[in-house]
Amino acid sequence: MMNNNIITKIGGLAILLSLFLFSCSDVLDKGPDGKISLEEVFQDDEKTAAYLNSCYLYIPAEGHNYFFWMRGPVDWSDEAWDTDAEAEPWITSGQLYSGNVSAASHFNTQWADNGNGNYWVRMWTGIRKCTVFLDHIETAKVKSEANRSRWKAEAHLLRAYYYMVLLKFFGCPLPIERTAYVYTDDFSTTERSSYYDVVKFIIEDCDAALASPYLPWRITTNAEGYRFTKAIAEGIKSRMSLYAASPLYNEGEDHWEEAYQINKAALANLKSNGYELYNKVNFPSWKDNPDVHLPNDGAKLFNEYFSNNMGFESNPTDKETIYQTSAGQDWINTEGIGAVMGYKSGSCPSQEIVDCFETLDGQPVLNLSKPYVDEVTHLQPNYNTANTLYDPQDPYANRDPRFYASIYYNGSKRTCFWIFDETSESVENYPAKKGYRTRIIATWAGEPQTGRHQTTRKATRTGYFLRKFLHPNSGQEVVTAAHARAKVMRLGEIYLNLAEAAAEANHLDEAYQAVNAIRTRVNMPPLPTGLSKDELILRIRNERRVELAFEAHRYFDVRRWHKPDETLEKTDRWITAAHITRNDDGTYTYARGPVSKERLCYQNKFLKFPVPLNDVNIMLALTGDNWQNPGW
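Sequence positions are assigned chain by chain, starting from 1 and proceeding in written order. The predicted nature of this model means local features are confined to residues of pLDDT at least 70 and side-chain atom pairs, given and counted, to a pLDDT of 80 or more, with totals for whole chains, interfaces and linings taken over all residues. In computing side-chain values, all of the structure's heavy atoms are included and hydrogens and water are not.

1. Regarding unusual backbone geometry
Move 1: You will see that N523, though not glycine, has its phi angle at about 65°, which is positive.
Move 2: Positive phi, close to 70°, is recorded for A552, a residue that is not glycine.
Move 3: You can see A552 is positioned in the loop between α20 (533–547) and α21 (554–560).
Move 4: The buried label goes to any residue with under 20% of its type's maximum accessible area, the exposed label to any with over 50%, and the partly exposed label to all in between, with areas taken from a 1.4 Å probe on protein chains only. A552 sits in the buried class, given a relative accessible area of 12%. Numbering goes from the N terminus for both helices and strands, where a helix is a DSSP run of H or I of at least four residues and a strand is a run of E of at least two.

2. Digging into the nonpolar core
Move 1: In this description, a nonpolar core means a group of buried Ala, Val, Leu, Ile, Met, Phe, Trp, Tyr and Cys residues linked to one another through side-chain atoms lying within 4.5 Å. In terms of nonpolar packing, the biggest core is built from 127 residues, with W120, Y161 and I236 touching the most fellow members.
Move 2: In terms of residue count, helix α10 (residues 145–169) provides more of this core than any other element does, 14 residues in total.
Move 3: If we ignore the near neighbours within four places in the chain, the residues touching I236 are L157, A160, Y161, M164, I202, C206 and M489.
Move 4: One finds V292, A405, I407 and A552 within the second-largest nonpolar core, a separate group that totals 36 residues. In what follows, residue pairs with any heavy atoms lying within 4.5 Å of each other are defined as contacts.

3. Regarding empty space enclosed by the protein
Move 1: Points on a 1 Å grid, built from protein atoms alone, make a cavity when a 1.4 Å probe fits but cannot get out and make a pocket when they are open with protein on both sides within 12 Å along at least 5 of 7 lines; residues with an atom within 4 Å of a point are the lining residues. Grid points are joined across faces, edges and corners, and a volume is the space filled by probe spheres set on the points. Counted according to the given criterion, the structure contains 8 cavities of 30 Å³ or more.
Move 2: Estimated volume of the largest cavity: approximately 250 Å³.
Move 3: Taken together, 19 residues form the lining of the largest cavity, with G63, A486, K487, V488 and E551 sitting closest to its centre.
Move 4: Under the scheme applied, nonpolar residues are Ala, Val, Leu, Ile, Met, Phe, Trp, Tyr, Cys and Pro; charged residues are Asp, Glu, Lys and Arg; polar residues are all the others, including Gly. Tallied by class, residues from the lining of the largest cavity come to 9 nonpolar, 3 polar and 7 charged.

4. Here we look at the packing of aromatic side chains
Move 1: To pair, rings of Phe, Tyr and Trp, with the six-membered ring standing in for Trp, must have centres within 6.5 Å; the planes then decide the type, stacked if under 30 degrees apart, edge-to-face if over 60, and tilted in the middle. In this structure the tally under the stated criterion is 45 aromatic pairs.
Move 2: Ring centres 4.9 Å apart and planes at 45° place the aromatic pair Y396 and Y409 in the tilted group. Taken together, the positions of Y396 in the loop between α16 (351–356) and α17 (401–406) and Y409 in the loop between β4 (407–408) and β5 (413–417) put the pair 13 residues apart, joining distant regions of the chain.
Move 3: An angle of 85° between the planes, with centres 5.1 Å apart, marks the rings of F606 and W632 as edge-to-face. With a gap of 26 residues between them, F606 in the loop between β11 (588–594) and α23 (613–623) and W632 in the segment after α23 connect regions that are remote in the sequence.
Move 4: Residue F606 is classed as buried on the basis of its relative accessible area, which comes to 5%.
Move 5: Note on geometry: a ring has a charge over it if NZ (lysine) or CZ (arginine) is within 6 Å of the ring centre and within 35 degrees of the ring normal. Here the guanidinium or amino end of K129 rests over the ring plane of Y51, the centre of that ring lying 5.0 Å away.
Move 6: Over the aromatic face of F403 sits the side chain of R399, whose NZ or CZ is 5.4 Å from the ring centroid.

5. As for the environment of L508
Move 1: Relative to the assigned elements, L508 resides in helix α19 (residues 508–520).
Move 2: A residue is classified by how much of its surface remains accessible, and L508, at 24% relative accessible area, is partly exposed.
Move 3: Separated by 25 residues in the primary sequence, L508 and K533 place their C-alpha atoms 7.2 Å from one another.
Move 4: Aside from chain neighbours lying at most four places away, what touches L508 is A502, A503, K533 and L536.

6. Let's talk about the confidence of the model for the protein chain
Close reading of the predicted structure is inappropriate where its pLDDT is low.
Move 1: When the pLDDT values of the protein chain are averaged, the result is 88; 86% of them are 70 or greater.
Move 2: Each residue carries a pLDDT value, the predictor's own confidence for that position, ranging from 0 to 100. Taken as a whole, residues 1–32 scores under 50 in pLDDT and shows 88 contacts with residues more than four places along the chain or in a different chain.
Move 3: Low pLDDT, under 50, characterises residues 477–481; the stretch is placed with 11 contacts to residues that sit more than four places away or in other chains.

7. A look at α23
Move 1: Along α23, the residues that are buried comprise D615, V616, I618, M619 and T623. Down the axis, α23 shows its buried residues gathered within 165° of arc, on one side only.
Move 2: G624 sits one or two residues past α23 and shows a positive phi near 75°. When we speak of the arc, we mean the arc of directions from the helix axis to the C-beta atoms.

8. What about helix α9 (residues 119–137)?
Move 1: Every helix has an expected span of 1.5 Å times one less than the residues it contains. Between its first and last C-alpha atoms α9 spans 26 Å; for 19 residues at 1.5 Å apiece the expected length is 27 Å, and the two agree.
Move 2: Where burial is concerned, most of α9 is hidden: 18 out of the 19 residues are buried.

9. Examining the packing of helix α12 (residues 230–245) against helix α18 (residues 491–504)
Move 1: Interaxial angles span 0 to 180 degrees and are taken between N-to-C directions of axes, which are lines fitted to C-alpha atoms, for helices over the stretch in contact. α18 packs onto α12 with a crossing angle of 35° between their chain directions and a minimal axis gap of 10 Å. Between α12 and α18 lies a crossing whose hand is left-handed. Across the interface between the two elements, G235, S238, R239 and L242 from α12 touch E493, I494, N497, E500 and A501 from α18.
Move 2: Across the contact of α12 with α18, the residue classes tally to 3 nonpolar, 3 polar and 3 charged. Each crossing gets its hand from how the near helix is turned against the far one by less than a right angle, where anticlockwise is left-handed and clockwise is right-handed.

10. Overview of the pattern of salt bridges
Move 1: By definition, a salt bridge exists where a carboxyl oxygen of Asp or Glu is found within 4 Å of a side-chain nitrogen of Lys or Arg. Counted by the stated rule, this structure contains 42 salt bridges.
Move 2: Across the pair E500 and R544 runs a salt bridge whose closest N-O atoms are separated by 4.0 Å. Here R544 lies in helix α20 and E500 lies in helix α18, a separation of 44 residues in the sequence.
Move 3: For E500, a relative accessible area of 1% translates into the label buried.
Move 4: Residues E500 and R560 are paired through a salt bridge, measuring 2.8 Å at the closest nitrogen-oxygen approach. Placement of the pair is E500 in helix α18 and R560 in helix α21, with a sequence separation of 60 residues.
Move 5: The buried category is assigned to R560, whose relative accessible area is 0%.
Move 6: Members of the salt-bridge network, linked through shared partners, are E320, E358, D400, R402, K468, R490, R519, R521, R539, E543, E547 and E551.

See the structure below:
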């Protein structure tokens, strides 16, 4: 129906074509090749609907769908080390870790595989298509005014989503496109608006969507699966108001009260329209099955939530997920323990993220104001002296239930079909289904199957394997129980957005209430009362690390919390691992050490993605303005 390959007429001018150049008649001119004009499209109900459907094509898949089946921002933050960084140094993680990237060779310009990559061009293409739709929908011939209203709302919301992606990754001033540009426009007058003003435009689009009485709060049928809803509008407003108030983007202005008000309203509106935290174990495979190997209901609940997809129903089991992407996460099981044929372990959790999980009494393991004595290399933990439950030589006992639901560690168990050679140290005889065994995970250096190793792709780099998102029985020959789709927006994030904005705006009681709701659902005690504002903010930031671990929030959080002139040296330069020794008597000695050499993607310029070099040159020629981010 639609000619989506519009990047064809002027070789190499991708951003120009996707953002500005094509007039409406150029995109769909009727001619010998059979194309039709936009005027004809919007004179037909079905063609109008099809055009809107094409506006959905640019949503990033996220999750595990980055190039080479990686987790992208998760691997590029201090949460994890990509197992392919040494084995496949030419891929994005390897190039970032070595610092061997430029504006012409960065992830953003390299890869469009798996629904990700080249975000600059893809998002602008999506924005332009949405704007063209909005320019025509009021006069389009449609059979139902209800559809007109809903379709218009979806286009507003899709445009807001694409702008959100651009701001998250690039963070630079952007032009606001209220009406579609055409070829004959004078681009020398193009103005780029501030981060805050673009966020206000995003919120304006979201409010336009929320005003439609025909845009639903939840999708309730599979036939409409993955269409946008009012809940997504509230989620975008919540997230982007928080970002606009953060130090990297606020240009010295205080927007926290505004972010607090927006988040307070968003949470209230979502709750009043049926959204709630996933708060009980629902499925027998988690509730009653000893093969799940999780120590308590909090851990079972958390693992169950991320191991299942949201349902498109009026009364779904999962009422927390606001949006999940439609792309499948892993067609060949390329992540975690027992990936098919030992392919690769994928994202290996860092010692830094393990250190963030509190003990069951609610005490942090480290002193959050200065977690490491050696603030760069992280080899000397600065322990919280008030914590009496943590033992560095028994480090995985008595931890937050979300730790057990999110990470496989030395000594944890997993029941699955294995084709590895089995050793007495790593396999426990267990009367399970035929072909299945319960494996005791061993991550000490030298263990032949699951131990820490620098180059073997099935091994762990860090002494840990990812568990979050993986069904308890995922792995070899159980491909159908692999990864749930990526939950890219959920109510848990909204609670934490509100907690942060409330604390920053001096509404401390409401900050407590929001963060404690997150903790209570996994049976963690509430935060201690009487914390100062700065202490409370530290606890809320740590709660984000724990609750949102491996969901691609940390990469953006740690950047937006920095000022524009700072570096990422204290968080991203060195990533550490558990260095575990197996003693002759079967006990273990625990230490920590670097995963590999330092990462060189900690400099100031890595606070933001580079705009692709070719597109920078095009816009410089057209506008006389350098659109590139600092340092690139």
